[in-house]
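Close look at the chain arrangement
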Amino acid sequence: MWIYIAKRVLYTIPISLGVSLVCFCLVYLAPGDPAASLIPPDASAADIATIRQLYGFDQPVPVQFAKWLWRALHGDFGTSLQTGRPVLVEVSGALANTASLAAGAALIAFVLAVLAGMLAAWHRGRFLERAVTAVSTLGISMPSYWLGIVLIIVFAVKLRWLPATGMGSGAATFSWLDWHDARFAVLPMLTMALLPLGVVMRSTRAALADTLAQDYMQVLRAKGLAPHALMRHALRNALPQVLAVMGLQLGYLTGGSILIETIFTWPGTGFLLSKAILTRDVPLLQGTVLILALTFVFINLAVDVLQTCADPRLQRQ
Amino acid sequence: MSAALPSAALRAVAPPGYLHAIARRLRHDYVTLSFAALLVLTVLAACCAPLVAHYDPYATGLLGRLKPPGWQGHLLGTDDLGRDMFARLLYGARMSLAMGVAPVALALAIGGTLGVLAGFYGGALNMAIMRTMDVFYAFPSVLLAVAISGTIGGGVASGLLALTLVFIPSLCRIAETATSQVRALDFVEAAQATGASSLSVIVAHVLGNVLPALFVFASSLISVSVLLAAGLSFLGLGVQPPTPDWGQMLAGLRQAIYLQPLVCALPGLAICIVSFSFNMVSDGLRHAMDIRA
Amino acid sequence: MSHIDGSNAASHARAARLAGEPAADPRDRGGLRQPLLIARGLRKRFAVRGGLFGRTMAHVHAVDGVSFSIAKGETLGVVGESGCGKSTLARLLMRLVEPDAGELIFDGEAVGERTGLTLGELRKNVQMVFQDSSASLNPRMSVAESIAYGMRVHGATRDAARQTAHTLLEQVGLRAALFAARYPHELSGGQKQRVNIARALALNPRLLILDEAVSALDKSVEAQVLMLLRALKAQLNLTYLFISHDLHVVRYVSDRVLVMYLGEIVEIGPADDVYRNPGHPYTRALFGCQLDTDPRRRIAEAPLAGDPPNPVDPPPGCRFHPRCPYAEHVCTTRVPSLGDALAAPLHAVACHMHDAASAHTRAGDPPAGMPHAFRADGDASDARRPPDLLRS
């Protein structure tokens, strides 16, 4: 098992390199001179020369990549053209906000999904299963940004129970402890929870249904085990599969939050990304994408390792 | 022994093939059939939009802005620039459906080919292709789509490129897994033993066994593509105004939710219904193909 | 099956052939005396990867220095347990797998050499019938299409190929009108195997390799397929390489038998000889494992000892020595040779006990006769048979 984990950890290195390469190449996708997109509009001639020398635009592309990578490893992801602040500072502040939202949404989604999945798998073939399947399919078909708008209409505009947009009183990072600010997180979290809810519900139901259909489940039933004990056994066996899906969804939540954060004007990484696109702030765009992608890679790594530790079959390898 | 019966009559007696079995199973699956019918209806409506819609989707009317459904013959009301919602929805269906199907079709062609080649030849080619796919797989789909589309700039072409790149890795993986499984079976060895070229073996024997599973998976991606494409337009990256597109309409009407919430929710409802239908149809297909004949 | 004397069928056929029945085959290039296939020094190792960077940790010696020949018109049986390399050998003979070393000579021409037979030509002459499994026929292709594929690859038109496919179906005992349009999932095991045979015959081969072709069939169906194979052999002037783990079946069909263990040939010789007088301790143990239903016929020699073989990095010297009841020090250091196994009628054994010049204490004095009372009924030459009390 440890060899597998070691291999898996080592494998992250070439993947991260590949991801960095893709992000590096994003600049070249932008129309026009790649050099121009990295230079702030009000730069003086001396500034331009410095930047050119720093990025090495007169040198071959692999050298540019190496220089860029070297800087990234030291925490220098560039400077935002818009604000002039280092990208790392911008992103780390925003990442904390997104993480709070993602964690809350994940919690709601996963708990509800597992419960619903258990219900559906248990009542196989009956109405409850079909209802749960329909809800989960709806969850993956509904555009989250639309749900956000609908929730805003219902709860903020019509009922006026919750605030429509923003993150609260103006603090840079979100804190759950501040109840007044916490209200702002309710609608975004609920919206964010929709897609993971659908996906995990489907996976849980499928995994549990498969497990419950196995022969050894029949044996346990014949032994006289009570339904809730049976479900406990089934859950334990289906858990590794479900955990894998959950981990993936957590990664998607963190990395793919742009749409929801745009609707609710939540100052997270997604919002940062959409601002960067609007203002054509290429260093910020590049840096944000890189950091988010690497976060996703490491979340996947953690999930893989956890799954290996949790699955006794893999331990024996 | 009696004389041999004419083969035409025998074919009626002989049990049907694999595709017939699937069609037969689908014929009794009313849920899938009804959603498939809904999709067909939507496609037809989109194609015949000029005939069905009474109003011009581009015609603005500053006096009749954000009117509720039924106002002056506008079936579903008007948007923030006074344009007929029904017409815009119909014309928007074209873009949204196209941006749902086209990226998946392209990704199927490219990713499927790469996956089959990787699975059939194995070795270094497999490593090269699959490791490259792993790198793209390491990005969350929305992030990748937005990053590519965002750097290139808006427009249908960039949206198409971005979405195709998002779907290629997963289709490639499915194709590679299926192909390597089929490759290990005896009949492929037997085909190679006749001296056939690899291309002939792939086309005649491997593809027929790989494509069904691949198609079913691709069909499940269409609903995701519809959502993602609309999302890109929502951010201003995909289809550009004034071309009607559901995601873009949603973005444009966002500010107007305080005045006319019902009208503003319509484009999102359309996206939801289409995506849901694609999901139900693909689920039904997968279920029909699950049980071996 | 055990009461059918297989040796008689093979010897009758041989007698008929020697009596002067013409075996005029227009494809014959080397003459009657030239062996149809000569394999020399075939070797194939597979690497076992593992560890941190996928390094090659060990090798599986699937086939290690195998040499033998197959005469025209004979059936050579290959016997051995799972993992002995039979299937790899079959694939090496068809060049579905490239050997690490060794050569193949088909009807006097070297395969793969510039002056000899090309791979394409070899494929037309040597075909394989696979074990009946759900994987031996393409589930998406009808029976006729599966059979016709090989012909279409070599340029036949669709109609011509279909016609030939129908003829082949009739030849293997399936009515074309009923079966041509069927799919594999609509066939029984025996029918699928007949289709497999028809498919192998589509390219008009001279050598047919039957890799466990009847192993998965019910006994009655197995008998039918074996009789079909025998009929086809006579009709089409075929040569068979019959691979199986079932000793009874191999005896029934084979003229000569080859016994494999861990990638090497341990014994080769005429079928009757090998079955009546197995020389190698492994062969004796194999036959000794056949239990008889008669309680008076008991196992006379010790059964196999030791652990089942690990094909990865086999033991030095004679590969059978960890399990051999007669093993001595020389067996762990020197590899016993088969002698000139390419000389066909000779009964050769790769064992130090059979080599008078070896350092084994029993050199020149190997255990002889049957290990126990495994033999065909009516064999009067066996003195160990107990008196039949029920007969007067």
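Residues numbered from 1 in each chain as written. Chains lettered and ligands numbered in written order. Predicted model: local features only at pLDDT ≥ 70, side-chain atom pairs only at ≥ 80, totals over all residues.

Some points on the overall build of chain B
Along chain B, the regular secondary structure elements total 12 helices and zero strands. Overall, chain B shows an N-to-C arrangement of helices and strands of α-α-α-α-α-α-α-α-α-α-α-α. Judged by the C-alpha coordinates and their principal axes, chain B covers about 85 × 55 × 25 Å. Within chain B, contacts between residues at least 6 apart in sequence are counted, and of these 70% link residues at least 24 apart. (Helix = DSSP H or I, 4+ residues; strand = E, 2+ residues; numbered from the N terminus. Contact = placed C-beta atoms within 7 Å.)

Digging into the overall build of chain C
Of the regular secondary structure elements, chain C holds 12 helices and 11 strands. For chain C, the residues scored as buried account for 45% of the 392 residues in total. Long-range pairs, those at least 24 residues apart, make up 66% of the contacts in chain C between residues at least 6 apart in sequence. (Buried ≥ 20, exposed ≤ 12 C-beta atoms within 10 Å, placed from the backbone.)

Some points on the interface of chain B and chain A
Contact residues are listed per partner, giving 35 residues for chain B and 37 residues for chain A. For the side of chain B that touches chain A, the leading source of residues is helix α12 (residues 261-290) of chain B, giving 10 residues. When grouped by side-chain class, the residues that make up the side of chain B that touches chain A number 24 nonpolar, nine polar and two charged. (Nonpolar A, V, L, I, M, F, W, Y, C, P; charged D, E, K, R; others polar.)

Let's talk about the sheet that holds strand β11 (residues 348-349) of chain C
All names here are of chain C. Spatially, β6-β7-β8-β3-β9-β10-β11 is the arrangement adopted by the seven strands of the open sheet, whose pairing is mixed. On the outer flanks of this sheet lie β6 (126-129) and β11, each paired with one strand and no other. Sheet analysis places strand β3 (residues 75-79) next to strand β8 (residues 239-244), joined by five bridges and oriented parallel. Bridging from a neighbouring strand, V78 pairs with I243 of β8. Most of the contacts of helix α2 (residues 86-93) go to strand β7 (residues 207-211), to which it runs at about 155°, and overall it touches β3, β6, β7, β8 and β9 (256-261). (Pairing = 2+ DSSP bridges. Axes fitted to C-alpha atoms, helices over the stretch in contact; angles between N-to-C directions.)

Considering the pairing of β9(C)
Residues and elements named next belong to chain C. In terms of residue burial, β9 counts as a mostly covered element, since six of its six residues are buried. Residues of β9 alternate between two faces, with R256, L258 and M260 on one and V257, V259 and Y261 on the opposite face, all of them buried. In terms of strand pairing, β3 meets β9 through four bridges, oriented parallel. Residue pairing in the sheet places G77 in a bridge with V257 of β9. A loop of two residues connects β9 with strand β10 (residues 264-270), the two strands running antiparallel in sequence, and L262 in this loop sits at a positive phi of about 50°.

Regarding the confidence of the model for chain B
Across chain B, the average pLDDT comes to 84, with 93% of residues at or above 70. Per-element confidence in chain B ranges from a low mean pLDDT of 38 for helix α1 (residues 7-13) of chain B to a high of 93 for helix α8 (residues 156-183) of chain B. (pLDDT = per-residue confidence, 0-100.)

Concerning the confidence of the model for chain C
All names here are of chain C. In this model, chain C carries an average pLDDT of 80, and 80% of its residues clear a pLDDT of 70 or more. Throughout residues 1-17 the model reports pLDDT below 50, and contacts reaching past four residues in sequence, or to other chains, amount to 18 contacts. Within the model, pLDDT remains below 50 along residues 373-392, and this stretch shows 13 contacts once partners closer than five positions in the same chain are excluded.

Remarks on unusual backbone geometry
Residue and element names in this part refer to chain C. Unlike most non-glycine residues, R95 shows phi in positive territory, near 55°. Tracing the backbone through its elements, the reader meets R95 in the loop between α2 and β4 (101-106). Under the C-beta neighbour-count criterion, R95 is labelled partly exposed, with 16 such atoms within 10 Å. Phi is positive for N204, which is not a glycine, with a value near 60°. Considering the arrangement of structural elements, one finds N204 in the loop between α7 (189-201) and β7. The class for N204 is partly exposed, based on 13 C-beta atoms found within 10 Å.

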